[in-house]
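# A structural walkthrough
As a plain string of letters, each chain reads:
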Amino acid sequence: MKAVIYHNPNCGTSRNTLALIRHAGIEPEVIEYLANPPSRAQLVALIAAAGLDVRGAIRQKGTPYLELGLDDPALSESALLDAMLANPVLINRPFVQTDMGTRLCRPSEVVLDILPVVHRPFTKEDGEVVIDRDGRRLR
């Protein structure tokens, strides 16, 4: 199976998502989107494929979201996209694309919805069990 992750290695959720993909036996294409942001067309396609609107794909925490006035409900999706492309840190993460679909993987175990079923245990960096020793998904 082919997979692409728009990854931020400094983000625990992104690291856990990448680990879950690899745990499923898939070596994804890893795009560090802060250094290599998607084009406008790619970003629009990712957001749409994940079933989100643009506002639902914006990261607020740890970003210039408020300073840029992006909380203004009158801003168009086009204006929000412009801000995301100018400041890639505003793109929420991690987006993952596989042959089974596209998701914004928050929390990281959302990625399991678009991966083949894995029956081996998996525990996140923080110790939270996602797949138990019997191969059951807990979340």
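Since this is a predicted model, take the numbers as computed values, not measurements. The numbering scheme is per chain: residues are counted from 1 as the chain's sequence reads. Totals for whole chains, interfaces and linings use all residues, but because this is a predicted model, local features are given only for residues with pLDDT of at least 70 and pairs of side-chain atoms are given and counted only at 80 or more. Heavy atoms throughout the structure, all of them, feed into the side-chain values; hydrogens and water do not.

Here we come to the pairing of strand β3 (residues 95-98). Examined bridge by bridge, strand β1 (residues 3-7) and β3 share four bridges and lie antiparallel to one another. When the bridges of β3 are listed, Y6 appears paired with F95. Pairing between strands requires that DSSP locate at least two bridges from one strand to the other. Each helix corresponds to a stretch of at least 4 residues labelled H or I by DSSP, and each strand to a stretch of at least 2 residues labelled E; elements are numbered beginning at the N terminus. Linking β3 to strand β4 (residues 101-104), which pair antiparallel, is a turn of two residues.

Let's shift gears to the pattern of salt bridges. Only one rule defines a salt bridge in this text: a Lys or Arg side-chain nitrogen within 4 Å of an Asp or Glu carboxyl oxygen. Per the stated rule, a full pass over the model turns up eight salt bridges. Across the pair D113 and R137 runs a salt bridge, and its minimum N-O distance is 2.8 Å. Placement of D113 in the loop between β4 and β5 (122-123) and of R137 in the segment after β6 (129-131) is noted, with a sequence separation of 24 residues between them. Burial status follows relative accessibility: with a 1.4 Å probe on protein chains alone, a residue under 20% of its type maximum counts as buried, one over 50% as exposed, and anything between as partly exposed. Owing to a relative accessible area of 38%, R137 belongs among the partly exposed residues under this scheme. The salt bridge partner of R136 is D134, with a shortest N-O separation of 3.4 Å. Take D134: its relative accessible area is 51%, and that puts it in the exposed class. Each of E109, K124 and E128 takes part in a single network of salt bridges with overlapping partners.

This brings us to the sheet that holds β3. The strand order across the open sheet built from four strands is β2-β1-β3-β4, with neighbouring strands paired in mixed fashion. Of all strands in the sheet, those bounded by a partner on one side alone are β2 (29-32) and β4. The mean inter-strand angle of the sheet, taken between neighbouring strand axes irrespective of direction, is 15°. The pairing of β3 with β4 spans four bridges and is antiparallel. To obtain each axis, a line is fitted to C-alpha atoms, and for helices this fit is confined to the stretch in contact; angles are then taken between N-to-C directions over 0 to 180 degrees.

Further remarks concern the side chain of R59. By secondary structure assignment, the location of R59 is in the loop between α2 (40-49) and α3 (77-86). Think of a polar contact as two N or O atoms within 3.5 Å of one another; within protein, one of them needs to be a possible hydrogen donor and the other a possible acceptor, and neighboring residues in sequence only count if both atoms come from side chains. A polar atom in the side chain of R59 sits 3.3 Å from the backbone oxygen of K61. For this analysis, residues touch if any pair of their heavy atoms sits within 4.5 Å. Leave out the neighbours within four places in its chain, and R59 touches Y65, V89, L90, I91, N92, R93 and R106.

With respect to the helices, strands and loops of the structure, P116 is situated in the loop between β4 and β5. Expressed as a C-alpha distance, the spacing of P116 and P73, which sit 43 residues apart in the sequence, is 39 Å. Residue contacts for P116: discarding those within four places in its chain leaves M1, I26 and M100.

What follows covers α2. For α2, the complete set of buried residues consists of L43, L46 and I47. When α2 is viewed along its axis, its buried side chains cluster within an angular range of 95° and face the same direction. Seen from the buried face of α2, the exposed residues on the opposite side, beyond 90 degrees, are A41 and A48. In the core, the buried residues of α2 are packed alongside β1, α3, β3 and β4. Count one or two residues on from α2 and you reach G51, which has phi positive near 75°. Taking the helix axis as origin, the arc is that swept by the directions to the C-beta atoms.

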